[in-house]
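Residues per chain, in single letters:
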Amino acid sequence: MGTVQLFPEFVSETLGLSGVLGDVVGSLVAAAVVGNIVLAFTGVAGPWAKRKITAAFTDRIAVDRIGPFGLLIIPAAAVQLLAKELIVPEGVDRPTWDLAPLVLPASALLGFSVIPMGRLGPVNLQIADPEVGLALVFAFASIASISLVMAGYASNNKYSMLGGLRAVAQNLAYEIPLIVTAMSVVIFAGTLQTSGIVAAQSDVLFSVGGFDVPTWYAFVNPFAFVLFLTANMAEIGRNPFDIPEAPTEIVAGYQTEYSSAYFVLFYLGEFVHIFLGGAILAVTFLGGASGPGPESIGFIWFVVKLWGFFLFTQWARSALPRVRIDQLIEIGWKGMLVLSFANLVLTAVIVGVIA
């Protein structure tokens, strides 16, 4: 596999910079571009797409009065939320209470630093490609649980505290199956490097009627794909696993005492994590940015897969009832954990025999 020029290298070369200055400027510009792309997705998804999709699933009318197709609800909602007073309850533990809303979106944005988002013309939208890229993505994503615990503990509210504790229990129950299932992909690909995992899925698995089916690991091992998808839904806290905020039980869980800009940061972090979950799923099981057509439009296919995953999460939110906390723990420890290790052992045996 040939060496592909990363986004920061392209920026520094285009600007005619070299050395440390080129590395710093290239990295900052690349991070700003990728970060703004992700934030633009969340800006559309949170105030507008979520409402539109949920309304379509539940046979209701969503926002349609503010601008064409209701799109102006995006800036309107931003102004509305940011204009609200930031209320700081008595007895909160500051600065922990102040830092929690920053940690959540930051952890997800960090995860995108090693995600290969494909090519857009001559530009390869990947900031870094370390040899342990997949491990780094999971490490960054797991920081989100720390944010929820910080918010729950610092809020001096029993419902918030319950939400934080539930986040820890959920993370422990599903993070292990998620990573173990991902390790079966690593066994197939033979690398932890995200670009290498995507490249390993570029061959043709079989052809049907002149159509080539790629070796996406979702086709190679659909059982692992379903396991990973389920654990991923729990990891990002979407239905039926939205236990840490469970509005019908604990008001809003960890974010109960937050308002104004702090609430916006939590809301933003939630949706950035959804798109990060979709990005991880695309890289590990759906061939990353690969798709029909030239490689130069790979980013378009990557975006399609991200929004496809977002659509799935909104379907689950509308169609699947929330499980109880005891059911969630039982599913994770007695079901997902056992099945993920069984899948790992079976994958290792199959790859060992084939190799």
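Look above for the structure.
One structure accompanies this document, and this report is about it. The shown structure was predicted, so the numbers you read here are calculated from the model rather than taken from an experiment.

Reading the values: the criteria
- Counting of residues starts from 1 at the beginning of each chain's written sequence and follows it residue by residue.
- The predicted nature of this model means local features are confined to residues of pLDDT at least 70 and side-chain atom pairs, given and counted, to a pLDDT of 80 or more, with totals for whole chains, interfaces and linings taken over all residues.
- Side-chain numbers here rest on the full set of heavy atoms in the structure, without hydrogens or water.
- The axes used here are C-alpha line fits, helices contributing only the stretch in contact, and every angle between their N-to-C directions lies in the interval 0 to 180 degrees.
- The helix and strand labels rest on DSSP assignments: H or I over at least four residues marks a helix, E over at least two residues marks a strand, and numbering proceeds from the N terminus.
- Roughly parallel means an angle under 35 degrees; roughly antiparallel, over 145; roughly perpendicular, 65 to 115; everything else is oblique.
- Crossing handedness follows the turn of the near helix against the far one: under a right angle anticlockwise gives a left-handed crossing, and clockwise gives a right-handed one.
- Residue contacts are defined here by distance: any two heavy atoms, one from each residue, within 4.5 Å place the two residues in contact.
- Amino acids are sorted into nonpolar (Ala, Val, Leu, Ile, Met, Phe, Trp, Tyr, Cys and Pro), charged (Asp, Glu, Lys and Arg) and polar (every other residue, Gly among them).
- Residue count minus one, scaled by 1.5 Å, sets the expected span of a helix.
- By definition, a residue's bend is the angle between the axes fitted to the seven residues ending there and the seven starting there.
- Any residue under 20% of the maximum accessible area for its type is buried, any over 50% is exposed, and the rest in between are partly exposed; the area is computed with a 1.4 Å probe on protein chains only.
- Within this scheme, the nonpolar core is defined by two criteria: the residues are buried Ala, Val, Leu, Ile, Met, Phe, Trp, Tyr or Cys, and they are joined through side-chain atoms within 4.5 Å.
- Stacked, tilted and edge-to-face are the three classes applied to pairs of Phe, Tyr and Trp rings, where Trp contributes its six-membered ring and a pair requires centres within 6.5 Å; stacked means planes under 30 degrees apart, edge-to-face means over 60, and tilted covers the rest.

1. Things to note about the packing of helix H4 (residues 96–111) against helix H5 (residues 133–154)
Here is step 1 of the chain: Close contact between H4 and H5 brings their axes to 8 Å; oriented N to C, the two are set at 165°. By the angle between their directions, the pair H4 and H5 is classed as roughly antiparallel. Taken as a pair, H4 and H5 cross one another with a handedness that is left-handed. Here Thr96, Trp97, Leu99, Ala100, Val103, Leu104, Ser107, Leu110 and Gly111 of H4 come into contact with H5, specifically with Val137, Phe140, Ala141, Ile143, Ala144, Ser147, Leu148, Met150, Ala151 and Ala154.
Here is step 2 of the chain: Grouping the constituent residues of the contact of H4 with H5 by class yields 15 nonpolar, four polar and no charged.

2. What to know about helix H13 (residues 325–354)
Helical geometry note: an α-helix holds 3.6 residues per turn, so side chains three or four residues apart project in the same direction.
Here is step 1 of the chain: Between its first and last C-alpha, H13 extends 42 Å over 30 residues, near the 44 Å set by a 1.5 Å rise per residue.
Here is step 2 of the chain: When the local axis directions of H13 are compared, the greatest deviation, roughly 30°, occurs at Met336.
Here is step 3 of the chain: Among the residues of H13, Leu328, Gly332, Met336, Leu337, Ser340, Asn343, Leu344 and Thr347 are the ones counted as buried.
Here is step 4 of the chain: At its buried positions, H13 is contacted by helix H6 (158–189) and helix H9 (222–235).

3. Focus: the nonpolar core
Within soluble globular proteins, side chains that are nonpolar generally end up buried alongside one another.
Here is step 1 of the chain: Counting 68 residues, the largest nonpolar core has Phe112, Ile115, Met117 and Phe285 as its most contacted members.
Here is step 2 of the chain: It is helix H11 (residues 260–285) that contributes the most residues to this core, 11 residues altogether.
Here is step 3 of the chain: Contacts of Met117, omitting those with residues within four sequence positions, involve Val34, Ile37, Phe112, Leu125, Ala289, Gly298, Phe299 and Phe302.
Here is step 4 of the chain: Among the nonpolar cores identified, the runner-up in size contains 14 residues, and Val92, Ala100, Ala167 and Tyr262 belong to it.

4. Thoughts on the packing of aromatic side chains
The way to describe two aromatic rings as a pair is by their centre distance and the angle between their planes.
Here is step 1 of the chain: In this structure the tally under the stated criterion is 19 aromatic pairs.
Here is step 2 of the chain: Ring centres 5.8 Å apart and planes at 45° place the aromatic pair Phe41 and Phe275 in the tilted group. Of the two residues, Phe41 is situated in helix H2 (residues 19–57) and Phe275 in helix H11; the sequence distance between them amounts to 234 residues. An identical accessibility class is assigned to Phe41 and Phe275; each is buried.

5. Focus: the environment of Ala234
Here is step 1 of the chain: Counting through the fold element by element, Ala234 comes out in helix H9.
Here is step 2 of the chain: Not counting residues within four places of it along the chain, the set of residues in contact with Ala234 comprises Gln170, Tyr174 and Phe241.

6. Points about H2
Here is step 1 of the chain: Helix length check: H2 (39 residues) gives 53 Å between terminal C-alpha atoms against 57 Å at 1.5 Å per residue, within 8%.
Here is step 2 of the chain: At Ala45, H2 shows its maximal kink, close to 50°; a proline, Pro47, follows between one and four residues later.
Here is step 3 of the chain: Asp59 lies just past H2 and shows a positive phi near 60°.

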